[in-house]
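# Analysis of the macromolecular model
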Amino acid sequence: MNYLDIHAHILPSVDDGAKDMETSIALLEMLKEQGVTHVVATPHFYPDSDSIEEFSETVKNAFCELEELAQKKQLPKIFLGCELRYFSGMGKSRAIKQFAVQNTDYLLLELPYGAPITKTVINDIIDIKEVLGLTPILAHIERYSKVPGFKKLLKLVSDNVAQAHINAGAVISKEDARLCEKLIKGGYVSYLASDTHSVVNRPPYIKQALDTISNKLGRSAATRLTIKSNRLLEEIEGTYEEYQFNG
Ligand SMILES: [Fe+2]
């Protein structure tokens, strides 16, 4: 079965992820060993300090170079996305559509660390869905568990306004393992992603995390996450079809 990793800083020298092409290739090799067949490259974009033009050009060039090499080496297939940092009013900014995952309606959204989840944040997320027609995927939702307003974030997920992913590294960590289990059991986790940045400090842990989930919550829990990644993959590739029931 395929596995799509929806969050990875694998593009060479564009953000705080892979520092060069050698690292990008090493990360793709590690992902492949862990069963990942497809991966969305999600470089950071900070609207307060980054220029859209510069970002688009740098990222496109890095993507094309890596894609070609990855194909030659039979490494996981890469799609282009972005990890877009939240800014106030983004729910009404049509410009953010360009940051969606590979021309789909899915947007990987990073909330600021440590800041409370205010009404403005919640309303912006609702507007991303309802006004802009994009489905926000909340990046590493486990990171916000201690922040005031976390329950409101979870409600957005259970109301199908947003989706959320947890980081594989958190699943196998001492600090966040229990929290991740609770989030999975509660039905709040759409995807398990690597958010890999580097070979040594932040390598991918997809396989270890799926094994851990399987051991603790049963095999079906891990399978469900794999199936969800396949659903999104089919949507990205345009092969997803809703089942039609007649009568
Ligand atoms: Fe990230």
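Just above sits the structure.
Let me sum up the structure you'll find in this document. (Residues numbered from 1 in each chain as written. Predicted model: local features only at pLDDT ≥ 70, side-chain atom pairs only at ≥ 80, totals over all residues.)

Residues His38 and Val40 of strand S2 (residues 38-41) are buried on one face, and the alternating residues Val39 and Ala41, pointing to the opposite face, are buried as well. Bridge count between strand S1 (residues 4-8) and S2: three bridges; the pairing is parallel. Along S2, the bridge assignment pairs Asp5 with Val39. In terms of handedness, the path from S1 via helix H1 (residues 21-33) over to S2 forms a crossover that is right-handed. Bridge count between S2 and strand S4 (residues 77-80): four bridges; the pairing is parallel. When the sheet's bridge partners are listed, Val39 is paired in S4 with Ile78. (Buried ≥ 20, exposed ≤ 12 C-beta atoms within 10 Å, placed from the backbone. Helix = DSSP H or I, 4+ residues; strand = E, 2+ residues; numbered from the N terminus. Pairing = 2+ DSSP bridges. Right-handed = clockwise from strand over helix to strand, strands pointing away.)

Let's shift gears to the nonpolar core. With 77 residues, the main nonpolar core has Leu107 and Leu192 as its most contacted residues. Among all residues touching Leu107, those that are not within four sequence positions of it are Leu84, Ile96, Phe99, Ala100, Ile128, Leu134, Pro136 and Ile137. (Core = buried A, V, L, I, M, F, W, Y, C linked by C-beta atoms within 7 Å. Contact = placed C-beta atoms within 7 Å.)

The phi dihedral of Gln102 is positive, around 40°, even though this residue is not glycine. Along the polypeptide, Gln102 turns up in the loop between strand S5 (83-85) and strand S6 (106-110). Backbone geometry places Asp195, a non-glycine residue, at a positive phi of 50°. Residue position: Asp195 is located in the loop between strand S9 (191-193) and helix H7 (206-217).

Right, let's get into the sheet that holds S4. Pairing is parallel across the open sheet formed by three strands, whose spatial order is S1-S2-S4. Two strands close off the open sheet at either side, each with one partner strand: S1 and S4. For this sheet, the mean inter-axis angle between neighbouring strands, taken without regard to orientation, is 25°. Helix H2 (residues 52-72) rests against S2 and S4 of the sheet, and its axis sits at about 165° to S4. (Axes fitted to C-alpha atoms, helices over the stretch in contact; angles between N-to-C directions.)

This part takes up helix H3 (residues 119-130). If you check H3, its first and last C-alpha atoms are 16 Å apart, about what 12 residues at 1.5 Å a residue would give, namely 16 Å. Among the residues making up H3, those that are buried are Val121, Asp124, Ile125 and Ile128. Looking straight down H3, one finds that the buried residues subtend no more than 100° of arc, so they occupy a single side. Projecting away from the buried face of H3 at angles above 90 degrees are the exposed residues Lys119 and Glu130. Against the buried residues of H3 lie S6, strand S7 (135-138) and helix H4 (150-158). (Expected span 1.5 Å × (residues − 1). Arc of directions from axis to C-beta.)

What follows covers the environment of Leu138. Within the element layout of this structure, Leu138 appears in strand S7. Taking the C-alpha atoms as reference points, Leu138 and Ala164, separated by 26 residues in sequence, lie 4.4 Å from one another. In contact with Leu138, other than residues within four places in its own chain, are Leu109, Leu111, Leu153, Ala162 and Ala164.

Spatially, the six strands line up as an open sheet ordered S3-S5-S6-S7-S8-S9, and their pairing is parallel. Among the strands making up the open sheet, the edge pair consists of strand S3 (44-45) and S9. Sheet topology places S3 next to S5; two bridges connect them, and they run parallel. Among the inter-strand pairings, Phe45 is bridged to a residue of S5, identified as Leu84.

With that settled, consider H4. Of the positions making up H4, those classed as buried are Leu153, Leu154, Leu156 and Val157. The arc that holds every buried residue of H4, seen down its axis, measures 155°, which confines them to one face. The exposed set on the far side of H4, more than 90 degrees from its buried face, consists of Lys151 and Ser158. Packed against the buried residues of H4 are H3, S7 and strand S8 (163-167). Taken from the residues just after H4, Asn160 is the one with a positive phi, measuring 65°.

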